[in-house]
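A closer look at the structure
Chain by chain, the residues:
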Amino acid sequence: MRKTLLVLTLLGLVLVPAAAAHVEPSPEKVPAGTVAKITLSAEGEESVPAVKLTVQMAPGVTDVVAHPTAGWKQSVNGRVVTWSGGKIPDGAHGKFSFTARFPATAGKVLVFPALVTYANGDVVHWIGAESSDTPAPRITLTAGPKAQPPPPPPTTTTSTTDAPGNSDSGGTSAWVWVVVAAIVLGLGAVALVLVRRRRA
């Protein structure tokens with residue numbers, strides 16, 4: 001019984017696959033239509049050091065700028081970014097950054113196929129599907145920042161002061177009524193005088 005358990009345990013250890021050394025992007029989510037900095041982490045997984053990382057930009061990614069990494073040389077050739085000349089020992093991680101403008105298609109998953117070259121000439125292709133043993137780095141585009149509403153138009157205040165002509169017309173009307181009243185009184189006085197003369 002113990003021998004059977006030991007055999008099964010050994011088989012289990014043999015069948016468990018070794019953890020893969022992915023090329024992983026950070027962050028893995030970027031707002032659509034923005035410029036963002038991405039850092040790729042590549043792990044050495046062989047007895048000889050990794051000496052080169054090559055990454056192909058996803059379609060729609062533009063304005064790519066490769067940032068320098070100490071001990072490495074960076075280059076951009078079209079959609080391909082390369083860091084070379086340095087060393088990533090077995091089990092260690094190399095960090096490589098680039099800045100780019102991402103397309104304005106929220107919800108889309110962008111794929112960045114990557115190749116890791118080792119000092120002995122071996123090349124590991126990180127270009128597979130997400131569920132494969134060699135998945136390519138992936139970045140998901142999230143909803144971009146919401147546009148701020150435009151400021152309300154400035155309010156204009158209307159003046160309620162009368163125009164100079166209006167005030168003049170009010171004064172003129174008052175003088176007209178004074179003259180009319182004077183004429184009426186004058187006519188009344190004349191009529192009164194005439195009546196008195198007739199009686200006399």
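Located above this text is the structure these notes cover.
So, a few notes on the structure that sits alongside this text. Treat the numbers as computed from the prediction; the structure is a model and nothing was measured.

In space, the three strands of this open sheet follow the order 2-12-9, with mixed pairing throughout. On the outer flanks of this sheet lie strand 2 (29-31) and strand 9 (109-111), each paired with one strand and no other. Mean inter-strand twist for the sheet, computed between neighbouring axes without regard to direction, equals 30°.

This next bit is on the environment of proline 31. Relative to the helices and strands, proline 31 resides in strand 2. Residues proline 31 and threonine 140, 109 residues apart in the sequence, show an inter-C-alpha distance of 8.4 Å.

Moving on: the nonpolar core. Core analysis: the biggest nonpolar cluster contains 32 residues, and Leu53, Val61, Trp83, Phe98, Phe102 and Phe112 have the highest contact counts within it. Residue assignment for this core shows that the elements contributing at least two residues are strand 3 (35-43), strand 4 (50-56), strand 5 (62-66), strand 7 (80-88), strand 8 (93-101), strand 10 (114-118), strand 11 (123-126) and strand 12 (138-142). The dominant element in this core, judged by the number of residues it contributes, is strand 3, at four residues. Excluding anything up to four places from it in sequence, phenylalanine 102 contacts Val30, Gly33, Thr34, Ala36, Ile38, Val61, Leu110, Phe112, Ile139 and Leu141.

What follows concerns the sheet that holds strand 5. Strand order in this open sheet of four strands is 1-3-8-5, and the pairing throughout is antiparallel. Either end of the sheet is taken by a strand with one partner, and the two such strands are strand 1 (23-26) and strand 5. In this sheet, adjacent strand axes meet at a mean angle of 25° when their direction is disregarded.

This part is about the packing of aromatic side chains. Within this structure, the stated rule accounts for three aromatic pairs. On the numbers, 5.4 Å between centres and 45° between planes, the contact of tryptophan 83 with phenylalanine 96 is tilted. You can see tryptophan 83 sitting in strand 7 and its partner phenylalanine 96 sitting in strand 8, a full 13 residues away along the chain. The same class applies to tryptophan 83 as to phenylalanine 96, namely buried. An angle of 40° between the planes, with centres 6.1 Å apart, marks the rings of phenylalanine 98 and phenylalanine 112 as tilted. In this pair, phenylalanine 98 is assigned in strand 8 and phenylalanine 112 in the loop between strand 9 and strand 10, connecting sequence segments 14 residues apart. Under the relative-accessibility criterion, phenylalanine 98 is labelled buried at 1%. Three or more aromatic residues joined by ring pairs form one cluster here, namely Trp72, Trp83 and Phe96.

Applying the stated criterion across every chain, the model contains one salt bridge. Residue arginine 101 is joined to aspartate 63 by a salt bridge in which the shortest nitrogen-to-oxygen separation is 3.6 Å. Here arginine 101, found in strand 8, pairs with aspartate 63, found in strand 5; they are 38 residues apart in sequence, far enough to count as distant. Here arginine 101 falls in the partly exposed class, since its relative accessible area comes to 37%.

Rules used throughout
- Within each chain, residue numbers correspond to sequence positions counted from 1 in written order.
- Local features in a predicted model are, by the rule used here, given only for residues with pLDDT of at least 70; side-chain atom pairs are given and counted only at 80 or more, and totals for whole chains, interfaces and linings are based on all residues.
- Hydrogens and waters are ignored; side-chain quantities use all the structure's heavy atoms.
- Each pair of strands is called paired provided DSSP finds at least two bridges between the two strands.
- Numbering of helices and strands runs from the N terminus; a helix is a DSSP stretch of H or I covering at least four residues, while a strand is a stretch of E covering at least two.
- Here an angle of 0 to 180 degrees is reported between the N-to-C directions of two axes, which are lines fitted to C-alpha atoms, with helices fitted over the stretch in contact.
- By nonpolar core we mean a set of buried residues, namely Ala, Val, Leu, Ile, Met, Phe, Trp, Tyr and Cys, connected to one another through side-chain atoms within 4.5 Å.
- The rule is simple: take the accessible area with a 1.4 Å probe, protein chains only, and divide by the maximum for that residue type; under 20% is buried, over 50% is exposed, in between is partly exposed.
- What makes two residues a contact is simply this: any of their non-hydrogen atoms within 4.5 Å.
- Whether two aromatic rings pair depends on their centres lying within 6.5 Å, for rings of Phe, Tyr and Trp, where Trp uses its six-membered ring; planes under 30 degrees apart make the pair stacked, over 60 edge-to-face, and the rest tilted.
- We define a salt bridge as a contact between a side-chain nitrogen of Lys or Arg and a carboxyl oxygen of Asp or Glu at a distance within 4 Å.

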